[in-house]
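# Reading the structure
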Amino acid sequence: MMKLSIITITYNAEKFLKRTIESIVAQSNQDFEYIIIDGKSKDATLAIAKAYGERVNLLVSEPDKGLYDAMNKGLRLASGEFVWFMNAGDEINDSEVVANLIQSLAATNADVFYGDTYFVEENGTIQGLRSEITPHRLPKNLKWQDMNLGMLVCHQAFIARKSIAPFYLENNLSADVDWEITCLKRAKKVQFLDIVVAKYLVGGISNKQLKRSLIDRYEVLKKHFGLFGAILAHIQITIRGVKLILKKGGKYW
C-alpha cells in the first residue's frame, strides 16, 4: 500500500490540465499513486492525460453525475493511505512539496495535513496567498470548530487519511466544506505544514454559481453547528465580507 494517492478530476479541461500534470511530474519524490478521473470529456483533455501515461497510474474516462460524484469515484479507487485532490487547473506549488509531505507522513501519526495556498489566475499570475488576501487566516492548530465560518483551508492544501475520509455530498456545492469538517472531526491528530502546498485556479464552480453555493454552505454549517450556529456564522460572514469589500474598494479578493 502506498502512502499517498493524488487524484485529479477533470472534464473538458484541455486549457488547464497540462499545468496540473506538469506539477505532478515535476515532483522530486515520485513515490505516490496518481489517478485521473475524467467525465468523458469532448475536447482534447483525454489525449493530454494519455500523453502522460507513463506517470498516470490509473486513468478513468466515463460519464459521471458531476464533480463530487467523480471525486467519490476517485476516493473509492485510491489505494493510498492518504488522499489529496489536485483538480484540473490546480497545481502543486513547487517540486519539493511531495517530498516534504511524505517526510511528514512518515514522521508523525497525524490523520490530516494542511497548509497554505496561492490564488492563481487563468494565465498563471499569482494573486497572493489565500491566508493574506482573504479573511481566512490559517491557524497553526486547526480544529473542526475553526470551520464555523466556512472553508478555512483550501481543499487543494488539505490531505486526509483515507480511512477517515467520508464520501462527498453529491448535490451540494459546499461538499468540500462538509468533507473537511468531517475529516477533522474524525482525526485524532492534525498537522500543520509550514509551506505553501498548492496553487488554486480561481473561478471554480462555487464562484460561478454563487447563490446556490451560499445556500449549500448554510446547509453544511447547520448540519455541523446547528441552526443557531449557522445563522450566527452567516451574520459574521456577511459583516466580514462587507468590511473587506469596503477596504479593498469593491473587491473581495
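Just so we're clear, the structure is a prediction, and the values are computed from it rather than from any experiment. (Residues numbered from 1 in each chain as written. Predicted model: local features only at pLDDT ≥ 70, side-chain atom pairs only at ≥ 80, totals over all residues. Heavy atoms only, no water.)

## Here's the deal with the packing of aromatic side chains
Stated precisely, the cut-off is as follows: Each aromatic pair joins two rings of Phe, Tyr and Trp (for Trp, the six-membered one) with centres within 6.5 Å, and gets the label stacked for planes under 30 degrees apart, edge-to-face for over 60, and tilted for any other angle. By the criteria applied, helices consist of DSSP H or I runs no shorter than four residues and strands consist of E runs no shorter than two, each listed in order from the N terminus. Under the scheme applied here, a residue whose accessible area is under 20% of the maximum for its type counts as buried, over 50% as exposed, and between as partly exposed, the area being computed with a 1.4 Å probe on protein chains only.
Going through the model one piece at a time under the given rule, you end up with nine aromatic pairs. The interplanar angle of 25 degrees and the centroid separation of 5.6 Å between the aromatic rings of Tyr68 and Tyr168 together place this pair among those described as stacked. In this pair, Tyr68 sits in helix α3 (residues 67-77) while Tyr168 sits in the loop between β8 (158-161) and α6 (175-186), placing the two residues 100 residues apart along the sequence. Judged by relative accessible area, which is 4%, Tyr168 ranks as buried. Relative to Phe192, the ring of Tyr114 lies with its centre 5.4 Å away and its plane at 55 degrees, an arrangement referred to as tilted.

## Some details on the environment of Gln191
Short version of the rule: The contact rule is simple, with two residues in contact once any of their heavy atoms fall within 4.5 Å.
Counting through the fold element by element, Gln191 comes out in strand β9 (residues 190-201). The spacing of Gln191 and Ala175 is 16 residues in sequence and 22 Å in space, taken between C-alpha atoms. Residues within four places of Gln191 in sequence aside, it is in contact with Thr108, Ala110, Val112, Phe113 and Tyr114.

## Overview of a nonpolar patch on the surface
Going by this rule: Grouping into patches uses exposed residues only, defined as over 30% relative accessible area, and leaves out salt-bridged ones; the cut-off is 9 Å for like charges and 5 Å for nonpolar side chains (Val, Leu, Ile, Met, Phe, Trp, Tyr). Per-residue accessibility takes into account occlusion by the displayed protein chains alone, with areas from the Shrake-Rupley method and a 1.4 Å probe. Put simply, a salt bridge is a Lys or Arg side-chain nitrogen that is within 4 Å of an Asp or Glu carboxyl oxygen.
A cluster of nonpolar side chains, Leu227, Ile231, Ile235 and Ile239, forms an exposed patch at the surface whose accessible area comes to about 360 Å². Following the sequence through the fold, Ile235 ends up in helix α8 (residues 210-247).

## Description of the side chain of Ser131
Here is the rule: Whenever a nitrogen or oxygen atom comes within 3.5 Å of another N or O atom, the pair is scored as a polar contact, on the condition that within protein one atom can donate a hydrogen and the other can accept it, and that pairs from neighbouring residues in sequence are kept only if both atoms are in side chains.
Tracing the backbone shows Ser131 in helix α5 (residues 130-133). A polar contact of 2.4 Å, which involves the side chain of Ser131, links it to the side chain of Asp116. Other than its neighbours up to four places away in sequence, Ser131 contacts Asp116, His136, Arg137 and Leu138.

## Some words on the pairing of strand β3 (residues 58-61)
Spelled out, the test is: Strand pairing requires that DSSP identify at least two bridges connecting the strands. With the strands pointing away from the viewer, any crossover whose connection runs clockwise from the first strand over the helix to the second is right-handed.
Bridge count for strand β2 (residues 33-38) against β3 is four bridges, and the pairing is parallel. Each bridged residue has a counterpart across the sheet, and for Ile37 the counterpart in β3 is Val60. Regarding the hand of the β-α-β motif, the stretch spanning β2, helix α2 (residues 45-51) and β3 is right-handed.

## Some remarks on the nonpolar core
Applicable threshold: Among buried residues, the Ala, Val, Leu, Ile, Met, Phe, Trp, Tyr and Cys ones that are joined through side-chain atoms within 4.5 Å form a nonpolar core.
Judged by nonpolar contacts, the single largest core of 39 residues is most densely connected at Ile7, Phe85, Val112, Phe158, Trp179 and Cys183. Broken down by secondary-structure element, the contributors of at least two residues to this core are β1 (4-10), β2, α3, β4 (82-85), β6 (112-120), β8, α6 and α8. If you tally residues by element for this core, the top one is α6, at six residues. Apart from the residues within four sequence positions on either side, Val112 is in contact with Phe158, Ile159, Ala160, Ile164, Cys183, Leu184, Ala187, Lys189, Val190 and Gln191. Counting 28 residues, the second-largest nonpolar core is a separate cluster that includes Ile6, Ile21, Phe32 and Phe113.

## Some remarks on the pairing of β1
The buried fraction of β1 is high, at seven of seven residues. Burial of β1 is two-sided: the residues Leu4, Ile6, Thr8 and Thr10 facing one way and the residues Ser5, Ile7 and Ile9 facing the other way are all buried. Bridge count for β1 against β4 is four bridges, and the pairing is parallel. Directly across from Ser5, in β4, lies its bridge partner Val83.

## Section: the pattern of salt bridges
Counting across every chain of the model gives nine salt bridges. For the salt bridge of Arg212 with Asp216, the shortest nitrogen-to-oxygen distance reads 3.3 Å. Placement of the pair is Arg212 and Asp216 together in helix α8, with a separation of four residues, close to one helical turn. Residue class for Arg212 comes out partly exposed when judged on its relative accessible area of 36%. Across the pair Lys222 and Glu219 runs a salt bridge whose closest N-O atoms are separated by 3.5 Å. Of this pair, Lys222 and Glu219 both sit in helix α8, separated by three residues, roughly a single helical turn. Using a relative accessible area of 31% as the deciding quantity, one classes Lys222 as partly exposed. Residue Glu219 is classed as partly exposed on the basis of its relative accessible area, which comes to 37%. What you see here is one network of salt bridges that share partners, running through Lys3, Glu81, Asp111 and Arg161.

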